[in-house]
Amino acid sequence: MRRRPDWLGFCCPERREAMETEEEYGGMKYVLITGGVVSGLGKGVTASSIGVVLQSCGLRVTSIKIDPYLNTDAGTMSPFEHGEVFVLDDGGEVDLDLGNYERFLDVTLTKDNNITTGKIYQSVIEKERRGDYLGKTVQVVPHITDAIRNWIESVSCIPVDGQDGPADVCVIELGGTVGDIESMPFIEALRQMSFSVGRENFCLIHVSLVPVLGVVGEQKTKPTQHSVRELRALGLAPDLLACRSAQPLIENVKVKLSEFCHVPVANILNIHDVPNIWHVPLLLRKQNAHEAIINQLDLVRKARPPELKEWTDMAEKYDNLTNSVKIALVGKYTGLTDSYLSVVKALLHACVALSYRPSIEWVAASDLEDECAKSAPETHAAAWETLKGCSCVLIPGGFGDRGVPGMISAAKYARENKVPYLGICLGMQISVIEIARSMLGMEGADSEEFNPEASKRVIMYMPEVSKTHMGSTMRLGCRRTLFRQPDYITAKLYGNMEYVDERHRHRYEVNPEFVAELEKSGLQFVGCDESQNRMEVIELPGHPYYVGVQFHPEFKSRPRKPSALFLGLILAATGQLEAYLNGHINGPY
């Protein structure tokens, strides 16, 4: 074990007393993932895959994502700006990378596993206002950096895998790229941490790009060299390099990187393009990444040889799939597929479980509208042709009135033509509006979100939700939904459970005053919350699969545990739902 160094007490006087009582460090092992050259290299997938490989060695793993932006959380950020907002059990609205961690590692994270600059500064300012600093000048160093370190150290000890006690390893992903001005306090805090916990408890993996210039055709190492040089100038030295490239690195490129970046050749990992991301953990194992990390963290006696048979089977199964199913995803943010990342992953999990390859057709909801037929008739015709060529329709969540008429048209098409349909959050509300208008003749039926003055507000603003503040004011997190009877399709898909716990993110709901009238159309509200007043699940009898849910089932889907409702959609799209519900065909895995 290594003693905590005394010099930190000199640099941070307010920490001296705590350090003097703690003679040696015997706690968490940390793996830090940083990125260089450009953003979007796949640090999240790399961090998740490293976690998978360490788990396969018998180690318990937790994860932390650091986002250097000033937002307190991702809740108010546009999907076009930052991709989807992932929702956790405790109601945390977090970066989509935490969704990758949960899916890969099969863990349940908390909102504190996502650290932002906004959260750190808010906590420090609150302490200053309370007088916790006793009149001292509050500065980035040591107060902000100490807050970052304390946050990491406390959150890393929270169990996330259902077992008691802290994990063995905490994988930390630092968002952005090295050199970004907003990430400097985090870099400094992590530099301090790397020294205080000791080399045998801290492993730094730097993800960088090795591009190929089209004219030359040569793999270029200079961007990585500069990135590592900048990282070293900030006081951090990489133990491993994870080099992203289109093709496998040639050996002399690894040797060159080793010489100029001061990293052993054996510790230079190559994450080249693969058919699907399930191959990434296998790629890391093949290059003995686990051995390098385990040796660095002095975990040799605790770890076992990696066992990744399930991952190998999944990756190979997907590669060998020949049959596909066409899914129309009708949404508002189709210009950036990361806006619906969890929906895409949930469709992938369900399709692969049933031995199908998902073929997602992206349909911009606004292209289905009558206005588009006038302004861009070819785009309108192409959108409808795409929709009609699919085996099922999915309308995911969203906010605002843009594209709503197109979604209503898509829901009506699926209902009238008995095309399997799944509406999530906004998608369920769209179904209720469409049925109220088309089947009950409510011409003024609308949502309070789109038309606050509507005469028939079948969708209303939830009374307990703030109308003045946007951040963290929705109905968020894991909530219980009760099934009214066990013989509904959704209840059967969930294994004839009396209730199900799923994650929510909404501020509008079905108006309970219209429930009885809506049920006259044949629409059935088959699930509700524990108060019995808030409608959660709808079904349409006589339709192969017409389901709408107020919650977001995609957030709990896992590669080997696909969401029940996504599974139902694909079963219906492939004509297998009835046989599955009657037990005539086996379930997934």
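Residues numbered from 1 in each chain as written. Predicted model: local features only at pLDDT ≥ 70, side-chain atom pairs only at ≥ 80, totals over all residues. Heavy atoms only, no water.

(A) Quick look at helix 5 (residues 97–105). Counting buried residues in helix 5 gives nine out of nine residues, a clear majority hidden from the surface. Among the residues of helix 5, Asp97, Leu98, Gly99, Asn100, Tyr101, Glu102, Arg103, Phe104 and Leu105 are the ones counted as buried. Positive phi appears at Asp106, one or two residues downstream of helix 5, with a value of about 55 degrees. (Buried < 20%, exposed > 50% of the residue type's maximum accessible area, 1.4 Å probe, protein only. Helix = DSSP H or I, 4+ residues; strand = E, 2+ residues; numbered from the N terminus.)

(B) Layout of the environment of Phe566. Along the chain, Phe566 falls in helix 21 (residues 564–573). Look at Phe566 and you get buried, because its relative accessible area is 0%. Separated by 220 residues in the primary sequence, Phe566 and Ala346 place their C-alpha atoms 6.7 Å from one another. Other than its neighbours up to four places away in sequence, Phe566 contacts Val343, Ala346, Leu347, Ala350, Leu394, Leu422, Ile424, Pro553 and Glu554. (Contact = heavy atoms within 4.5 Å.)

(C) Expanded view of the environment of Gln55. Tracing the sequence through the fold places Gln55 in helix 3 (residues 43–56). Under the relative-accessibility criterion, Gln55 is labelled partly exposed at 25%. For the pair Gln55 and Ile144, spaced 89 residues apart in the sequence, the C-alpha separation amounts to 32 Å. Residues contacting Gln55, with those up to four places away along its chain left out, are Val61, Phe104, Leu105, Val107 and Arg304.

(D) Geometry of the pairing of strand 8 (residues 169–174). In terms of residue burial, strand 8 counts as a mostly covered element, since six of its six residues are buried. With burial as the criterion, each face of strand 8 is covered, one bearing Val169, Val171 and Glu173 and the other bearing Cys170, Ile172 and Leu174. The pairing of strand 3 (residues 29–35) with strand 8 spans five bridges and is classified as parallel. Looking at the pairing, Leu32 lines up with Ile172 of strand 8. (Pairing = 2+ DSSP bridges.)

(E) Spotlight on the packing of aromatic side chains. Taken as a whole and judged by the stated rule, the model has 10 aromatic pairs. An angle of 40 degrees between the planes, with centres 5.1 Å apart, marks the rings of Phe104 and Trp311 as tilted. One end of the pair, Phe104, is in helix 5; the other, Trp311, is in helix 13 (residues 309–319), and 207 residues separate them in sequence. Note on Trp311: relative accessible area 10%, which makes it buried. Judged by centre distance (4.6 Å) and plane angle (15 degrees), the ring pair of Tyr421 and Tyr546 falls under stacked. (Phe/Tyr/Trp six-rings, centres within 6.5 Å; stacked < 30°, edge-to-face > 60°.)

(F) Structural view of the packing of helix 16 (residues 377–388) against helix 17 (residues 404–416). Two numbers describe how helix 16 lies on helix 17: the axes approach to 11 Å, and their chain directions differ by 35 degrees. Of the two possible hands of crossing, helix 16 and helix 17 adopt the one that is right-handed. Taking contact as the criterion, the partners of Trp384, Leu387 and Lys388 in helix 16 are, on helix 17, Ser409, Ala410 and Tyr413. Residue composition of the contact of helix 16 with helix 17, grouped by class: four nonpolar, one polar and one charged. (Axes fitted to C-alpha atoms, helices over the stretch in contact; angles between N-to-C directions. Left-handed = near helix turned anticlockwise from the far one by under 90°. Nonpolar A, V, L, I, M, F, W, Y, C, P; charged D, E, K, R; others polar.)

(G) Here's a closer look at the side chain of Gln225. Inspection of the secondary structure puts Gln225 in helix 9 (residues 222–233). If we ignore the near neighbours within four places in the chain, the residues touching Gln225 are Lys256, Phe260 and Cys261.

(H) Local environment of the packing of helix 3 against helix 11 (residues 279–286). Axis separation between helix 3 and helix 11 bottoms out at 9 Å; the angle between their running directions is 60 degrees. Viewed along their axes, helix 3 and helix 11 form a crossing whose handedness is right-handed. The segment helix 3 lies against helix 11, with Val45, Thr46, Ser49, Ile50, Val52 and Val53 engaging Val280, Pro281, Leu284 and Arg285. Looking at the contact of helix 3 with helix 11 residue by residue, the class counts come to seven nonpolar, two polar and one charged.

(I) Structural detail: the sheet that holds strand 20 (residues 508–510). In space, the three strands of this open sheet follow the order 16-17-20, with mixed pairing throughout. Edge positions in the sheet fall to strand 16 (445–447) and strand 20, since each of these pairs with one other strand and no more. Here the average twist between neighbouring strands, direction ignored, is 30 degrees. Taken together, the three bridges between strand 17 (residues 456–461) and strand 20 define a ladder with antiparallel strand orientation. Residue pairing in the sheet places Ile459 in a bridge with Val510 of strand 20.

(J) Molecular detail of the environment of Ala436. Counting through the fold element by element, Ala436 comes out in helix 18 (residues 426–438). Residue Ala436 is classed as buried on the basis of its relative accessible area, which comes to 0%. Once residues lying within four places of it in the same chain are set aside, the contact partners of Ala436 are Gly441, Met442, Ala445, Val458 and Leu518.

(K) A nonpolar patch on the surface, seen in detail. There is a patch of nonpolar side chains on the surface, built from Leu213, Val215 and Val216 and spanning about 320 Å² of accessible area. Positionally, Val216 belongs in the loop between strand 9 (202–209) and helix 9. (Patch = residues over 30% accessible without salt bridge, like charges linked within 9 Å, V, L, I, M, F, W, Y side chains within 5 Å. Areas by Shrake-Rupley, 256 points an atom, 1.4 Å probe, with all protein chains shown as cover. Salt bridge = Lys/Arg side-chain N within 4 Å of Asp/Glu carboxyl O.)

(L) Region of interest: the pattern of salt bridges. Taken as a whole and assessed by the stated rule, the structure comprises 31 salt bridges. Residues Arg457 and Glu448 are paired through a salt bridge, measuring 3.9 Å at the closest nitrogen-oxygen approach. Each of the salt bridges in this network shares a partner with another, and the network as a whole consists of Asp89, Glu102, Asp106, Arg503, Lys556, Arg558 and Lys561.

(M) Region of interest: the nonpolar core. Counting residues in hydrophobic clusters, the biggest one holds 53 residues, and the most contacted among them are Val31, Leu54, Ile205 and Ile293. When residues of this core are assigned to their parent elements, the largest contribution, six residues, is made by helix 3. If you look at the next biggest cluster of nonpolar residues, it comprises 47 residues, including Ala328, Phe450, Leu518 and Leu523. (Core = buried A, V, L, I, M, F, W, Y, C linked by side-chain atoms within 4.5 Å.)

(N) Structural view of the sheet that holds strand 3. Reading across the sheet, the seven strands line up as 7-4-8-3-9-10-11 and stay open at both edges, with parallel pairing between neighbours. Each edge of the sheet is formed by a strand with only one pairing partner; in this case those strands are strand 7 (114–116) and strand 11 (268–272). Taken pair by pair, the neighbouring strands of this sheet meet at an average axis angle of 20 degrees, ignoring direction. Bridge analysis of strand 4 (residues 61–67) against strand 8 gives six bridges, and the strand direction is parallel. Considered in strand 8, the bridge of Ile64 is made with Ile172. Strands in contact with helix 5 are strand 4, strand 7 and strand 8; relative to strand 4, the strand with the most contacts, it is inclined by about 170 degrees. Relative to strand 7, helix 6 (residues 117–130) is tilted by about 70 degrees, and along the sheet it contacts strand 4 and strand 7.

(O) Inspection of the confidence of the model for the protein chain at higher detail. When pLDDT is averaged along the protein chain, the result is 91, and 94% of the positions lie at 70 or above. Mean pLDDT across the elements of the protein chain ranges from a minimum in helix 1 (residues 7–11), with 36, to a maximum in strand 15 (residues 421–424), with 98. For the stretch residues 1–24, pLDDT sits under 50, and the model shows 38 contacts to residues farther than four places along the chain or on other chains. (pLDDT = per-residue confidence, 0-100.)

(P) Highlighting the pairing of strand 11. Extensive coverage of strand 11 is indicated by the burial of five of its five residues. Of the two faces of strand 11, the one holding Ile268, Asn270 and His272 and the one holding Leu269 and Ile271 are both buried throughout. Pairing analysis gives five bridges linking strand 10 (residues 240–245) to strand 11, with the strands arranged parallel. What sits directly across from Leu241, in strand 11, is Ile268. Once you follow strand 10 into helix 10 (residues 251–261) and on to strand 11, the crossover reads as right-handed. (Right-handed = clockwise from strand over helix to strand, strands pointing away.)

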